[in-house]
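# Structural overview
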Amino acid sequence: MRCFALLLFLLFLLFLLRDGASGQRQCAEADYYYEYTECDSKGVRWRVAIPQSPGSCSGLPRPVRGTECTFSCQAGQFLEMSAQECTPCAAGSYSLGSGVRFDQWDSLPAGFSSVASSGDSSSHAPDNLSCNSSSWLPQGAYLESNRDECTVSLIYAVHLKKQGSVSFEYQYPDHSLLFQFFIQNDQCQEMDQTADTKWLKLTGQGEWASHAVNLKSGTNILYWRTGGVVMGSKVVKPVLLKNIQIEGVAYTSECFPCKPGTFSQVPGSSACEACPRDTFSGHGASSCTPCNTTTHYAVEGSSMCKVKPPCSKKDYFQLHTACDHEGKTHVVYKWMEPKICLEDVSGAVSLPPGGEREPCPPCNPGFYNNDTATCSPCPPGTYSDGMNPCKKCPAGTEPTPGYEFKWWNVLPPNMKSTCFNVGNSKCDLMNGWEAAGEYVQSGAGGSDNDYLLLNIRIPGFKLPTSMSGQSASEYGRITFEFETQCTSDCELYFMMDVNRKSTTVVESWSKTQVRRSYSHVMTQNASVSYTWAFQRTNQPSEVRRHVNDVARIYSVTVSNAIDGVSSRCRACALSSRPSSSSACVPCPPGHYIQPDTNQCTECPPNTYLVPHAPPGPDACQPCGPASKSDKDHSLCSIDCRFTHSEGNLTRTYELSALGPVGALMNGPSFTSKGTKYYHLFNISLCGGQMAECKDNVTDLSLYESQGSKPEGSASVQAFICQSTIIPASGRGFHTSLSSQSITLADTFLGATVESTLGDITARPDLFPGASKKVPDINFYYRSSEATSSCAAGRRVVVQLRCNPDKSATGEISVPSQCPAGTCDGCTFHFLWQSSSACPVCSAQDYHQIEGACKRGQQEVLFVWREPRVCVGGTGLPQKRTLPCESVERWVQLGGGLGALTALLLVSLTCYFWKKNKRLEYKYSRLVMSANKECELPGADSCAMMEGETEAELEDEVIYSKPSLIGKLKALASKGNGDSYENVQLNSSHSKALVWS
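Residues numbered from 1 in each chain as written. Predicted model: local features only at pLDDT ≥ 70, side-chain atom pairs only at ≥ 80, totals over all residues. Heavy atoms only, no water.

### Overview of the overall build of the chain
We apply this condition: Elements are defined by DSSP. Helices are runs of H or I of four residues or more, strands are runs of E of two residues or more, and each kind is numbered from the N terminus. Whether two residues touch is decided by their heavy atoms; if any such pair falls within 4.5 Å, the residues are in contact. Note on areas: Shrake-Rupley with a 1.4 Å probe; residue coverage comes only from the protein chains shown.
When helices and strands are tallied, the chain shows seven helices and 71 strands. If you take every contact in the chain between residues at least 6 apart in sequence, the share linking residues at least 24 apart comes to 66%. Split by element, the accessible area of the chain, about 50,400 Å² in all, is 52% carbon and sulfur.

### As for the pattern of salt bridges
Where we set the bar: A pair is scored as a salt bridge if a Lys or Arg side-chain nitrogen falls within 4 Å of a carboxyl oxygen belonging to Asp or Glu. Burial classification: accessible surface area is computed with a 1.4 Å probe over protein chains only, and a residue below 20% of its type maximum counts as buried, one above 50% as exposed, and the rest as partly exposed.
A complete count under the given rule lists 15 salt bridges for this structure. Ionic pairing is found between Asp31 and Arg25, a salt bridge with its closest N-O pair at 2.9 Å. Assessed through its relative accessible area of 16%, Asp31 is described here as buried. Close ionic contact of Asp765 with Arg763 constitutes a salt bridge, the shortest N to O distance being 3.0 Å. Relative accessible area serves as the criterion here: at 53%, Asp765 is assigned to the exposed category.

### Some points on the packing of aromatic side chains
We count it as follows: Any pair of Phe, Tyr and Trp rings, taking the six-membered ring for Trp, is counted once the centres come within 6.5 Å. Such a pair is stacked with planes under 30 degrees apart, edge-to-face with planes over 60 apart, and tilted for the rest. Over a ring means this: the NZ of a Lys or the CZ of an Arg is within 6 Å of the ring centre and within 35 degrees of the ring normal.
Enumeration according to the criterion identifies 39 aromatic pairs in this entry. Consider the rings of Phe182 and Tyr223, whose centres lie 4.8 Å apart with planes at 5 degrees: the pair is stacked. Taken together, the residues Phe182 in strand β13 (residues 177-184) and Tyr223 in strand β15 (residues 218-228) connect sequence positions 41 residues apart. The two residues Phe182 and Tyr223 agree in class, both being buried. An angle of 40 degrees between the planes, with centres 5.7 Å apart, marks the rings of Phe494 and Trp532 as tilted. Of the two residues, Phe494 sits in strand β38 (residues 491-498) while Trp532 sits in strand β41 (residues 528-535), which places them 38 residues apart along the sequence. In this pair, the class of Phe494 matches that of Trp532, namely buried. Feature note: the residues Phe102, Trp105, Phe112, Trp136, Tyr156, Phe168, Tyr170, Tyr172, Phe179, Phe181 and Trp224 constitute an aromatic cluster, connected by ring pairs. A cation sits over an aromatic face here: Arg47 above Tyr34, 3.9 Å from the ring centre. A cation over an aromatic ring shows up here: Arg868 above the ring of Trp864, its NZ or CZ 4.2 Å from the ring centre.

### Examining unusual backbone geometry
Each neighbour pair has its own omega, and for Glu866 with Pro867 the value is -5 degrees, a cis peptide bond. Even without being glycine, His633 reaches a positive phi, approximately 55 degrees. If you trace the backbone, His633 turns up in the loop between β50 (628-629) and β51 (636-637). For Cys640, which is not glycine, the phi torsion reads 70 degrees and is therefore positive.

### A closer look at the sheet that holds strand β58 (residues 720-726)
Cut-off, in case you're wondering: The rule for pairing is simple: two strands pair if DSSP sees at least two bridges between them. Structural elements are reduced to axes, namely lines fitted to C-alpha atoms, with helices fitted over the stretch in contact, and the angle between N-to-C directions of any two is expressed from 0 to 180 degrees.
Strand order across the open sheet formed by four strands is β54-β55-β58-β59, with antiparallel pairing between neighbours. Only two strands of the sheet have a single partner each, and these edge strands are β54 (662-670) and β59 (737-745). With direction set aside, neighbouring strand axes in the sheet form an average angle of 20 degrees. With six bridges joining them, strand β55 (residues 676-683) and β58 adopt antiparallel strand pairing. When the sheet's bridge partners are listed, Leu680 is paired in β58 with Ser723.

### Concerning the sheet that holds strand β64 (residues 795-802)
Spatially, the five strands line up as an open sheet ordered β60-β63-β64-β66-β65, and their pairing is mixed. Strands with a single pairing partner mark the edges of an open sheet, and in this sheet they are β60 (747-752) and β65 (811-813). Neighbouring strand axes in the sheet, compared pairwise and without regard to direction, differ in orientation by 20 degrees on average. In this structure, β64 lies alongside strand β66 (residues 827-834), joined through eight bridges in parallel fashion. Paired with Gln799 across the bridge in β66 is Leu831.

### Some thoughts on the state of the cysteines
As a reminder of what qualifies: Cysteine sulfur atoms are paired as a disulfide whenever they fall within 2.5 Å.
Going through the model one piece at a time under the given rule, you end up with 21 disulfides. There is a disulfide in this structure between Cys603 and Cys620, and the S-S distance comes to 1.9 Å. Since a negative S-S torsion denotes a left-handed disulfide, the Cys603-Cys620 link at about -65 degrees is left-handed. Note that Cys603 is positioned in the loop between β47 (600-602) and β48 (607-609) and Cys620 in strand β49 (residues 620-622), a separation of 17 residues in sequence. In terms of burial, Cys603 and Cys620 fall into one category: buried. The residue that forms a disulfide with Cys802 is Cys838, at a sulfur-sulfur distance of 1.9 Å. One disulfide, between Cys802 and Cys838, carries an S-S torsion of 85 degrees and so falls in the right-handed class. With a gap of 36 residues between them, Cys802 in strand β64 and Cys838 in the loop between β66 and β67 (846-854) connect regions that are remote in the sequence. With relative accessibility at 10%, the residue Cys802 sits in the buried group.

### Things to note about the side chain of Ser555
Summarising the element assignment, Ser555 is placed in strand β42 (residues 550-559). When residues no more than four places from it in sequence are discounted, the contact partners of Ser555 are Phe405, Lys406, Trp408, Thr479, Phe480 and Glu481.

### Some thoughts on the nonpolar core
Using the following cut-off: What makes a nonpolar core is a set of buried Ala, Val, Leu, Ile, Met, Phe, Trp, Tyr and Cys residues whose side-chain atoms join them at distances within 4.5 Å.
In terms of nonpolar packing, the biggest core is built from 38 residues, with Trp433, Ile458, Tyr530, Trp532 and Val556 touching the most fellow members. Within the second largest apolar cluster, 35 residues are counted, among which are Phe102, Phe181, Leu202 and Val230.

### Here's the deal with the confidence of the model for the chain
Cut-off, in case you're wondering: Scored between 0 and 100, pLDDT is the confidence that the predictor attaches to each residue.
On average, residues of the chain score 80 in pLDDT, and 82% of them reach the 70 mark or higher. Helix α3 (residues 700-706) is the least confidently modelled element of the chain, averaging 37 in pLDDT, while strand β21 (residues 289-290) averages 96, the highest of any element. Segment residues 699-713: pLDDT under 50, and 34 contacts once partners within four positions in sequence are set aside and those in other chains are kept. Note on residues 933-961: pLDDT under 50 across the span, and 33 contacts to partners over four residues away in sequence or across chains.

### Some details on the pairing of β67
Taken together, the seven bridges between β67 and strand β68 (residues 857-864) define a ladder with antiparallel strand orientation. Pairing of Ile849 across the sheet is with Leu861, part of β68. In this antiparallel pair of consecutive strands, β67 and β68, the connection spans two residues, and Arg855 shows a positive phi of 55 degrees.

### Points about the environment of Asp40
Its location among the elements puts Asp40 in the loop between β1 (32-36) and β2 (46-51). For Asp40, a relative accessible area of 14% gives the class buried.

### Here we look at the side chain of Gln184
We apply this condition: Two N or O atoms form a polar contact when they lie within 3.5 Å of each other; inside protein one atom must be a possible hydrogen donor and the other a possible acceptor, and for residues adjacent in sequence the pair counts only when both atoms belong to side chains.
Following the sequence through the fold, Gln184 ends up in strand β13. Judged by its relative accessible area of 9%, Gln184 falls in the buried class. Polar side-chain contacts of Gln184 include one of 3.2 Å to the side chain of Tyr223.

Given below as structure tokens:
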């Protein structure tokens, strides 16, 4: 540093000598300005004069010793370099003392740069993905980020002489973009930062958040970086940035002039004020100039006055007057405030006359009309339907606190309507939402891109007495009915802010939506603010072209609100003690109220208690197939065991190796512009532990400070959840990012081999064919939260398939034609192949093989049936050796019996052959003797037929051949002493011989 200062001094002397030799004119104060040299190792610096135009004059002041390096001025002052003293800023300007502020964005200020890159060098990126046009765009009062997938960095380098800080305001409403702020030193090394200072939290629509980070002395390079994954044709909300302020610079050598639309009236100001309505100012103004309000107008902070246009239908609105003492109201029309149109010019419209008086609508439930013009809330412990006076609840019942708004003569007292535009200017109350009798609707607003906000704050929730002893999963519920009618790219947002920590978007609907209902469950007892935000277009606009685009809310119901009113009574449990029989008491977890006795009764086994169900046994619903309830009857799950029976065969499955959580990262996938991303699915199949999907981008500080999942946080716990993973090389970030975590399934419906359960159907055709020997086990899930695209909530089917070739933990896959796990966006399908999905082995899965008998011993082996489709369970029995009889003995015995049988058959054959010969001989003798004794009658000659000769008849012998049984009987008759054959001749009609 000392050498550098000496070098500057020598250069200055040479410059003086050259000017003196040339005979140029002496330099005046306007010809040069002062700057300090760098501080040397002893903390010394020099003040030198720098010419405005080198060589135009001579006689520059000599270098002099400067102030201490740590010297700085207070806010509202600047360092006057001639005297090296702090001097107050003049009117019309301001100073931060030791800081700088950037609040005017007509163009990028000096020192700022915007650098864009595609961030993905993979071969999948299309050639037409160009980020040359992606940039942070100045929009006057703020900077606007890019709306595409390109990674764009806003960079500013500052050198601090001492420790300081940087602060800014931003809008970050869309989690499709990733927005981070980080700091590097002069060697491009990233400074140590915690997650909550690097990743910016999401903001509500139209809501500005502030962020501040401490800076170290030396060079600090500040980065505001956006990038992300844009799915489909979604319109991305850009990040907005304004009011960047840096503290810690050594000095400010000049004051900053006030930007147009602002002024500083007194010297020594540290900031400029915005000009009031109907006034304007230019650059560096110390006061504001009034507009001619007859013909012109100006909003707050205007740099010019605008001509008032002729009044049109867009400049007025209608509302109902408050009910009078007669219970009457009528429609009136009012000009929007501030009124910026003219009525008495050509083409202008006049304010329509008011309508006739008509009966007021009834009070909302929980309120009553006490003969006044307004509705009053019912006293605690009473209820009303809104049309009748308040009453006390009967014995055995208690009031149900909450809100039920369905009549909108005026906005309820706990609702607030506002209007914000991106410049953070407040609109008039009537430019927000307007009460219109049967509904509340969005107003006209100041411009089409204004956010019209309707807000209701609930300080907390209180469960009914009978449920206060239970571990509730639902503390409260908000339900509203709405519709939108749009011709542009309008969008309706439903947001919530829990404990005033962070606003998150719960759900949103774009373009026209038919009348529908939406519910959101509050899972923790906390203060919450619900907000509806309607924006007609997200494109910058200063005029109203789509004023007829409207959002309407017909009813809003909030249950269990701690400060609510009661519209009905609910049955409660009564104490069994006579002394306190009329007091409601809490039921233990898993108990319902018997309507006839008002006593707590535990739900039957394997049933779960439906939250806020009517009293009675029907409040306990049975768990699905193969599922069991926990001890509190609040949740159904499977205990990692499954049994299936088919015919006489029963199979048991042991699934504990698949718990507690399985994970699948499929992909990579690419957006239409080539950005690489993955889907990470976490699945809790059994075991009772929920799967968790964490974001490492937003809300980390909130998550870690509370030690549990905060309501509205992007980190979720469920049976099945999903996160979007952006690799480190995909967007130019230093680490892989997990974002956009959502719940796919928070309710287990059951497990079965059937392809349908309720209204959910498995799709085995989406995966390769399964084994026919072991059926797939289908696990069915559902999410309780409805979305804009899935009115019935998301549904999930996990097909568990036996595959002995896989490991115990197995492998999870999604359909090849649906790489995101879903083909319609609402029903997700997964295939989990594992050896653990095979049934437990039993005696039915093996058979025995008997070996040869050797020396009276025989071996018996047991082998698995092929293909083997079982695991664990019963093992193969050991090889056995059993005694057996000799094979040779049986062979010899069999041979002897066979020979004896053959000999007997031969003997019988010979005997009967001889017997037959003997009978033939006797037969012949008998025939011969019979022919000699026969006397033929003259008429028929022994029954000789006509045409036959006597010789032919002699040759015909009719006999019946004895059967084998008959021969055996004849053989047996010899034993009775018969020594002859009994032959009977029948000759009464014929000479033919018959032998029987």
